Amino acid sequence: MLSRLLKSVYVKVTALVTVFAVLFSSHASAANEGRTVVLKSGTMVMLELASNVNANNVKNGEVVDFRVLNDVRAGGEVVIPAGSMARGQVVSASKSGLFGTPGELSVAVKSVVAVDGTHVPLSSSNLNGEGQDNIVVSVALTVLCLFGFLIKGGSAEISKGAQIDASVLANTEIILE
């Protein structure tokens, strides 16, 4: 009889502990689910250019891709993982011209997407490139043989992997799942 009573008590205690464990684990996971963190304005985001950009092949306003180099964290959680793609835009692009005028190129970083799909606005100085200046050679050859004006300057290019530090432009709420 005592053995039967102990088995019954053991089963009830085990069942009660199991119920509490399930309830507690559900509550713990629900506490993190849907939690909002704020990615603060000024948070640094290290980026690199994802492909070569050449002034001869792009137009003003064209989209340019960057890659995030390091995890970006807010509230101890990764909100922008390394490897995420960021977007930039060609601010100005001019092809090289006659008389040895060099091409010029300027690209600005615009935004990156956080883990919840939120577009995070970014700010940075522009990445700039300038082609080779051949004006002196062009003028000298023009004086000597009249065809120097046909010499073009070098094309402006910014190489894949060029790095730039951007910062978060405004406090941005990100929902963690």
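See the structure printed just above.
The rules behind these values
Residues numbered from 1 in each chain as written. Predicted model: local features only at pLDDT ≥ 70, side-chain atom pairs only at ≥ 80, totals over all residues. Heavy atoms only, no water. Pairing = 2+ DSSP bridges. Helix = DSSP H or I, 4+ residues; strand = E, 2+ residues; numbered from the N terminus. Core = buried A, V, L, I, M, F, W, Y, C linked by side-chain atoms within 4.5 Å. Buried < 20%, exposed > 50% of the residue type's maximum accessible area, 1.4 Å probe, protein only. Salt bridge = Lys/Arg side-chain N within 4 Å of Asp/Glu carboxyl O.

Peer 1: Which residues make up the pairing of strand E12 (residues 163-168), and what are the values?
Peer 2: In this sheet, E12 lies alongside strand E2 (residues 44-49) in antiparallel orientation, the contact comprising 5 bridges. By the bridge assignment for E12, Met46 is matched with Asp165. Pairing geometry for strand E9 (residues 119-123) and E12, over 2 bridges, is antiparallel. Note that in E12 the partner of Ser123 across the bridge is Ser167.

Peer 1: Report on the nonpolar core, specifying residues and quantitative values.
Peer 2: In terms of nonpolar packing, the biggest core is built from 32 residues, with Leu39, Leu47, Phe66, Val79, Leu105, Val107 and Leu122 touching the most fellow members. Considering every element that reaches this core, the biggest residue donor is strand E8 (residues 104-113), with 4 residues.

Peer 1: Can you break down the pattern of salt bridges residue by residue, with the values?
Peer 2: Tallied over the full model, the rule gives 3 salt bridges. Arg67 is the partner of Glu48 in a salt bridge, and the nearest nitrogen-oxygen pair spans 3.4 Å. Within this pair, whereas Glu48 is found in strand E2, its partner Arg67 is found in strand E4 (residues 63-68), the two being separated by 19 residues in sequence. Classification of Glu48 as buried rests on a relative accessible area of 18%.

Peer 1: Before we move on, could you go through the pairing of strand E13 (residues 172-175) and cite the residues and values that matter?
Peer 2: Across the two faces of E13 the burial differs, with Thr172 and Ile174 buried and Glu173 and Ile175 not buried at all. Note: strand E1 (residues 36-39) against E13, 4 bridges, orientation antiparallel. Residue pairing in the sheet places Leu39 in a bridge with Thr172 of E13.

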